[in-house]
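Given next are the chains, with one letter for each unit.
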Amino acid sequence: MASEKPKLEALEEEYAKINKLPRLTKAVEHVDKIIELLSAAREQVASAPESHTAITITKLQNPVKSAFEAVNDGLKGAAAANKKMGKALDKSFPLKPLPTDHDAMADHVSLINRAIAMHLLREGQFKVASTFIDEVQSTTKRENPEYLDERMDDGNYDEAASTTSSEAYDLSSLHSQELQESFAGMYYILQELKARNLMPAITWARKNSVELEARGSNLEFELSRLQFVWLFKGPSVNGLPDDENNGQRGALQYARSNFGRFQARHLNEINQLACSMAFAPNITESPYRQLFAIDTAFSDVASSFTREFCSLLGLSAESPLYLAATAGALALPQLMKYTQKTLAKGTEWTTSNEMAFETPLPESMLYHSIFVCPVSKEQTTDANPPMMIPCGHVLAKETLQKLCKGARFKCPYCPSEGILKDARQIIL
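This is a predicted model, so every value here is computed, not measured. (Residues numbered from 1 in each chain as written. Predicted model: local features only at pLDDT ≥ 70, side-chain atom pairs only at ≥ 80, totals over all residues. Heavy atoms only, no water.)

K.L.:
For this particular structure, what's the right way to read helix 10 (residues 199-207)?
P.N.:
Because each turn of an α-helix spans 3.6 residues, side chains separated by three or four positions in sequence point in the same direction. Along helix 10, the residues that are buried comprise Pro 200, Ala 201, Ile 202, Trp 204 and Ala 205. The inward-facing, buried residues of helix 10 contact helix 9 (177-194), helix 11 (209-214), helix 12 (219-233), helix 14 (247-258) and helix 16 (297-312). (Buried < 20%, exposed > 50% of the residue type's maximum accessible area, 1.4 Å probe, protein only. Helix = DSSP H or I, 4+ residues; strand = E, 2+ residues; numbered from the N terminus. Contact = heavy atoms within 4.5 Å.)

Listed below in structure tokens is the structure:
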């Protein structure tokens, strides 16, 4: 890693030099000027007598010629900057041949196509996704006209699953208008959150409160709490109308109207917000100042909203294609280094579908879908899922039921006691 630092520093210095060279924006400005000159000349020719046409065109020649020369100079400057940047990148990071002996995804093209289509939909690129799906479908039908039908007619479901499922092979399900409308709604709410308007997100969370409650999600309360804080800040900060629905009075009124439904699970947080009203004149110096720090609050609730929205659709919070490409890019340098060394020694890794070394990935990309109950020492299943109890410890559902005496139980790892209905299932 230390050897990469001088390369990056040299690249930054080169970029600083290149950044001073002409850009395409100048060429675009000159093109706009040419269009203005031609449009003005056309209007003059249309409105003036025919005898004045030659004069208008003659006057136009020099300005247009100089503008075109300026465009060419701008394009040459931009091309030179692009060429210099390319050379700097090649010098700092010379191209190395990628290992191509084994392509683990060669038999899973349909899954790759599905991941690309879903990524485009998740990014809101609906027209691009539709065109991509149409192209894939037409290519598939042209190259394998009876592939899917034959396999399904023969009952080769296991074989289909080993290389591609019928759903992955057929992308028509992603053409669903309902799915596109769902993602369009998600992006509308995210845009509103970016503009610091919480109401669309609160309305969505309230509409889906039953499903969110079943998942143990706190999204609705998080949004409502942030709305309270946002109103409390007043019109000088939130830019909302200066009336009885804004400021401290508006925040108190909002709390009275909306916080009652959250008392069972969030009474402590509600009490803290209520007590903070006593420190309103100097909230930044109060014990509750952290509750009113909103530097990252809107981006945090946007991430929570995206995660819960995708979960209700049966999707992961992050695009699988993005995660796979990012993890692959992080692992590629080590993979190339390992491949070069094994080739030099005349050895190779023969274990299929398994890496020869641990790949360092950020914590956000570390997943573990297996949980073993620390009491029963058994792996949890869908019928016996992991349950989080109020103290924060996690046990298998069957273990928790065995610990119960009536409706109450005592945690086997700390002095805390709880009620069975307060335990929340963890979705792995």
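Here the narrative resumes.
K.L.:
Is there a simple way to explain the environment of Cys 275 in this structure?
P.N.:
For Cys 275, the location among the structural elements is in helix 15 (residues 263-276). Residue classification places Cys 275 among the partly exposed positions, given a relative accessible area of 38%.

K.L.:
When you look at the pattern of salt bridges in this model, what are you seeing that I'm missing?
P.N.:
If charged atoms from side chains of opposite charge come close, those side chains can pair. With the rule as written, the count across this model stands at 6 salt bridges. We note a salt bridge from Glu 308 to Arg 215, for which the minimum N-O separation is 3.0 Å. Here Glu 308, found in helix 16, pairs with Arg 215, found in the loop between helix 11 and helix 12; they are 93 residues apart in sequence, far enough to count as distant. The exposure class assigned to Glu 308 is buried, which follows from its relative accessible area of 8%. Across the pair Glu 220 and Arg 261 runs a salt bridge, and its minimum N-O distance is 3.2 Å. Here Arg 261 lies in the loop between helix 14 and helix 15 and Glu 220 lies in helix 12, a separation of 41 residues in the sequence. A relative accessible area of 9% means that Glu 220 is categorised as buried. (Salt bridge = Lys/Arg side-chain N within 4 Å of Asp/Glu carboxyl O.)

K.L.:
Mind showing me how you'd approach a positive patch on the surface here?
P.N.:
Together, Lys 17, Lys 83, Lys 84 and Lys 87 make up a region of like positive charge exposed at the surface. With 3 residues, helix 3 (residues 53-92) is the largest single contributor of residues to the positive patch. With respect to the helices and strands, Lys 83 occurs in helix 3. (Patch = residues over 30% accessible without salt bridge, like charges linked within 9 Å, V, L, I, M, F, W, Y side chains within 5 Å. Areas by Shrake-Rupley, 256 points an atom, 1.4 Å probe, with all protein chains shown as cover. Lys, Arg positive; Asp, Glu negative; His and termini not counted. Charge placed at Lys NZ, Arg CZ, Asp CG, Glu CD.)

K.L.:
Before we go on, may I ask you to explain the packing of aromatic side chains in this structure?
P.N.:
How two aromatic rings sit relative to each other is given by the distance of their centres and the angle of their planes. For the coordinates displayed, the defined rule picks out 11 aromatic pairs. Ring geometry for Trp 230 versus Phe 298: centroids 5.1 Å apart, planes at 75 degrees, classification edge-to-face. In this pair, Trp 230 sits in helix 12 while Phe 298 sits in helix 16, placing the two residues 68 residues apart along the sequence. A residue is classified by how much of its surface remains accessible, and Trp 230, at 5% relative accessible area, is buried. Looking at Phe 298, the relative accessible area reads 5%, which means it is buried. Here the aromatic residues Phe 221, Phe 228, Phe 232, Tyr 254, Phe 259, Phe 262 and Phe 292 are joined through ring pairs into a cluster of three or more. (Phe/Tyr/Trp six-rings, centres within 6.5 Å; stacked < 30°, edge-to-face > 60°.)

K.L.:
When you look at the confidence of the model for the protein chain in this model, what are you seeing that I'm missing?
P.N.:
Regions with low pLDDT carry predicted coordinates that are not meant to be interpreted in detail. With 87% of its residues at a pLDDT of 70 or more, the protein chain has an overall mean of 82. Taken element by element, the protein chain is modelled with least confidence in helix 7 (residues 157-163), mean pLDDT 40, and with most confidence in helix 10, mean pLDDT 95. Under a pLDDT of 50 for its full length, residues 150-168 has, in the predicted model, 21 contacts with residues more than four places off or in other chains. (pLDDT = per-residue confidence, 0-100.)

K.L.:
Explain the nonpolar core here, please?
P.N.:
Here is a general trend for soluble globular proteins: nonpolar side chains tend to be buried in one another's company. Core analysis: the biggest nonpolar cluster contains 48 residues, and Leu 193, Phe 228 and Phe 305 have the highest contact counts within it. Looking at this core, the elements with two or more residues in it are helix 4 (109-122), helix 5 (126-143), helix 9, helix 10, helix 12, helix 14, helix 15 and helix 16. Discounting residues that sit within four places of it in the chain, Phe 228 has contacts with Ala 251, Leu 252, Tyr 254, Ala 255, Phe 259, Leu 273, Met 277 and Phe 292. (Core = buried A, V, L, I, M, F, W, Y, C linked by side-chain atoms within 4.5 Å.)

K.L.:
Mind showing me how you'd approach the packing of helix 2 (residues 24-47) against helix 3 here?
P.N.:
Any two packed helices are characterised by how steeply their axes cross, that is the angle between the axes, and by the distance between the axes. Relative orientation of the contacting elements helix 2 and helix 3 amounts to 170 degrees, with a least axis distance of 8 Å. Here helix 3 runs roughly antiparallel to helix 2, going by the angle between their axes. Taken together, the residues of helix 3 that come into contact with helix 2 (itself represented by Leu 24, Ala 27, His 30, Val 31, Ile 34, Leu 37, Leu 38, Ala 41, Gln 44 and Val 45) are Thr 53, Thr 56, Leu 60, Pro 63, Val 64, Ala 67, Phe 68, Ala 70, Val 71, Gly 74, Leu 75 and Ala 78. In terms of residue class, the contact of helix 2 with helix 3 is made up of 17 nonpolar, 5 polar and no charged. (Axes fitted to C-alpha atoms, helices over the stretch in contact; angles between N-to-C directions. Parallel < 35°, antiparallel > 145°, perpendicular 65-115°, else oblique. Nonpolar A, V, L, I, M, F, W, Y, C, P; charged D, E, K, R; others polar.)

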